[in-house]
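Survey of secondary and tertiary structure
Residue-level listing of the chains:
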Amino acid sequence: MGILWTIIIGFVAGVIAKFLMPGDNEPSGFILTTILGIVGAFVATYLGQALGWYGPEQGAGLIGAVVGAIIVLLVYGFVAGRRQRAI
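These numbers come from a predicted model, not from an experiment.

A separate point is the side chain of Thr 45. Assignment of secondary structure puts Thr 45 in helix H2 (residues 30-50). Excluding its chain neighbours within four sequence positions, the residues that come into contact with Thr 45 are Thr 6, Tyr 54, Gln 58, Gly 59 and Ala 60.

In structure tokens:
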């Protein structure tokens, strides 16, 4: 149930993060934004467990997942921006 919950929270977090961080280098597709949100939720869960904020069977909450999704969106925007400048 933990992975399924992380995916659901990541979906919502991806939509919220995209709403909070609109931009030119950000992914514009709904599916890509959702996937990045899910990845952000997993990143937040992993970092939270590594830092001792969450237990071994706990996942990131909505706020942590949104922060993780924003971090992933920032990295994506940085990489996508570099790729466009290189071409």
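Attention now moves to the environment of Leu 20. Mapped onto the secondary structure, Leu 20 falls in helix H1 (residues 2-20). In this structure Leu 20 comes out as exposed when scored by relative accessible area, which is 54%. Distance in space between the C-alpha atoms of Leu 20 and Ile 70 is 8.4 Å, their sequence separation being 50 residues. Residues contacting Leu 20, with those up to four places away along its chain left out, are Val 66 and Ile 70.

Turning our attention to the UniProt feature "transmembrane region" (unreviewed entry) in the protein chain. Annotation from UniProt places "transmembrane region" (unreviewed entry) at residues 6-23, 30-54 and 60-79. Taken as a whole, residues 30-54 contains 84% helix and 0% strand, while its terminal C-alpha atoms sit 29 Å from one another. For residues 60-79, the helix share is 90%, the strand share is 0%, and the end-to-end C-alpha distance is 25 Å.

What counts, and where the lines are drawn
Residues numbered from 1 in each chain as written. Predicted model: local features only at pLDDT ≥ 70, side-chain atom pairs only at ≥ 80, totals over all residues. Heavy atoms only, no water. Helix = DSSP H or I, 4+ residues; strand = E, 2+ residues; numbered from the N terminus. Contact = heavy atoms within 4.5 Å. Buried < 20%, exposed > 50% of the residue type's maximum accessible area, 1.4 Å probe, protein only. UniProt positions renumbered as here; feature names shortened; annotations may be inferred.

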